[in-house]
Structures are given as C-alpha cells and as structure tokens.
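The primary structure of each chain is shown beneath.
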Amino acid sequence: MMAKWVKLAAVATLALGMSSAWAQGVTHEGTVVDTMNGGGYTYVQIKEADTTFWAAGPQTEVSKGDKVAVIEQMWMNEFTSKTLNRTFDKLLFVGQIDKK
C-alpha cells in the first residue's frame, strides 16, 4: 500500500510541479502539539527542541502531549490535503508514527 501511495505521490509531485525532497531515514522525536485525521492519514504537529513541523502517516491514535518518533521519508512543500481542506507549508511524510 505504501509503495503504491509513494508512487502516486511522486507522479502527483511531478505533474503538479511541487518541490519535494526525499529524505534518508533521519529520526525525529518530539511532543505532539496538534493532531488531526483525514483520508486514512494522521497529521501531527511535532515540537522537537526549538523546531515545530507537521508530519503525516498512516492513521494512528495519538493525542496532544504524546511523545512520538517519526522517520523521514519525504518532505513536500505547499502540500494540500483535500480531505482537510488545508495546505501545509511543509509536510513530512512518514511510514508510521510511533508513540514513545
């Protein structure tokens, strides 16, 4: 499923001219500041040290205040979620969101 999704995301990225960067497995750990579900995915805003960023992965039960870890797969700029009717300035796609 993930491989198919990544392929579709890559095709969509090329078709829409979005900029993206493939990442090499960097692990991020932090605290969930905000979270929402949409289209089978969980979006989490993570505070890691002095940085806050959004990540999206397969739907997972997480709550504000939870400690989580994610491994970078792909960053996308100006990603629009039609399900959430929201555009994220920068969004990290991950294979899973692990509670710590």
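Residues numbered from 1 in each chain as written. Predicted model: local features only at pLDDT ≥ 70, side-chain atom pairs only at ≥ 80, totals over all residues. Heavy atoms only, no water.

An unreviewed UniProt entry lists the chain under the name NrfJ-related protein, with Shewanella baltica as the source organism.

**Q** Please explain the overall build of the chain as it appears in this structure.
**A** Across its full length, the chain holds 1 helix and 8 strands. When the elements of the chain are put in sequence order from the N terminus, they spell out α-β-β-β-β-β-β-β-β. In the chain, which comprises 100 residues, the share counted as buried stands at 37%. When the accessible surface of the chain is summed, it comes to about 6,000 Å², and 53% of that surface belongs to carbon and sulfur atoms. (Helix = DSSP H or I, 4+ residues; strand = E, 2+ residues; numbered from the N terminus. Buried < 20%, exposed > 50% of the residue type's maximum accessible area, 1.4 Å probe, protein only. Areas by Shrake-Rupley, 256 points an atom, 1.4 Å probe, with all protein chains shown as cover.)

**Q** In this structure, what is going on with the packing of aromatic side chains? I would like to understand it.
**A** In this description, an aromatic ring pair is defined by two values, namely the gap between the centres and the angle between the planes. A full pass over the atoms with the stated rule returns 4 aromatic pairs. Here F79 and F93 contribute two aromatic rings whose centre-to-centre distance is 5.0 Å and whose plane-to-plane angle is 85°, an arrangement assigned as edge-to-face. One end of the pair, F79, is in strand 6 (residues 74-81); the other, F93, is in strand 7 (residues 86-93), with 14 residues separating them in the sequence. Each member of the pair, F79 as well as F93, is classed as buried. In textbook terms, an aromatic cluster arises when at least three aromatic residues are bridged by ring pairs, as seen for Y43, W54 and F88. (Phe/Tyr/Trp six-rings, centres within 6.5 Å; stacked < 30°, edge-to-face > 60°.)

**Q** Explanation requested: the side chain of H28 in the structure shown.
**A** Looking at where H28 falls in the secondary structure, it is placed in strand 2 (residues 27-38). A distance of 2.5 Å separates the side chain of H28 from the side chain of E72, its partner in a polar contact. (Polar contact = N/O pair within 3.5 Å; in protein donor to acceptor, adjacent residues only side chain to side chain.)

**Q** So what exactly am I meant to see when it comes to the side chain of S81 here?
**A** With respect to the secondary-structure elements, S81 resides in strand 6. Residue contacts for S81: discarding those within four places in its chain leaves Y43, R86 and F88. (Contact = heavy atoms within 4.5 Å.)

**Q** Any chance you could explain the pairing of strand 4 (residues 51-58) here in plain terms?
**A** Successive side chains on a regular strand alternate, one facing one side of the sheet and the next facing the other. Here 8 bridges tie strand 3 (residues 41-48) to strand 4, and the two strands are oriented antiparallel to one another. Each residue of the ladder has a partner; that of Y43, found in strand 4, is A56. (Pairing = 2+ DSSP bridges.)

**Q** What is the right way to look at the nonpolar core in this model?
**A** Nonpolar side chains tend to gather and get buried jointly when the protein is soluble and globular. The biggest cluster of nonpolar side chains holds 12 residues, and these are V32, V44, I46, F53, A55, V62, V68, V70, W75, L92, V94 and I97. Every element with two or more residues in this core is listed here: strand 3, strand 4 and strand 5 (67-71). Not counting residues up to four positions away in its chain, the partners in contact with L92 are H28, F53, W54, A55, A56, V70, E72, Q73, M74 and W75. The next biggest cluster of nonpolar side chains, apart from the first, holds 10 residues, and it includes Y43, A56, M76 and F88. (Core = buried A, V, L, I, M, F, W, Y, C linked by side-chain atoms within 4.5 Å.)

**Q** How should I be thinking about the pattern of salt bridges in this particular structure?
**A** One side chain can pair with another of opposite charge once the charged atoms of both are near each other. Here the structure, examined in full by the defined rule, presents 3 salt bridges. Of the charged contacts, one joins K100 and E29 as a salt bridge, the two residues approaching to 3.9 Å between their closest N and O atoms. Placement of the pair is K100 in the segment after strand 8 (98-99) and E29 in strand 2, with a sequence separation of 71 residues. (Salt bridge = Lys/Arg side-chain N within 4 Å of Asp/Glu carboxyl O.)

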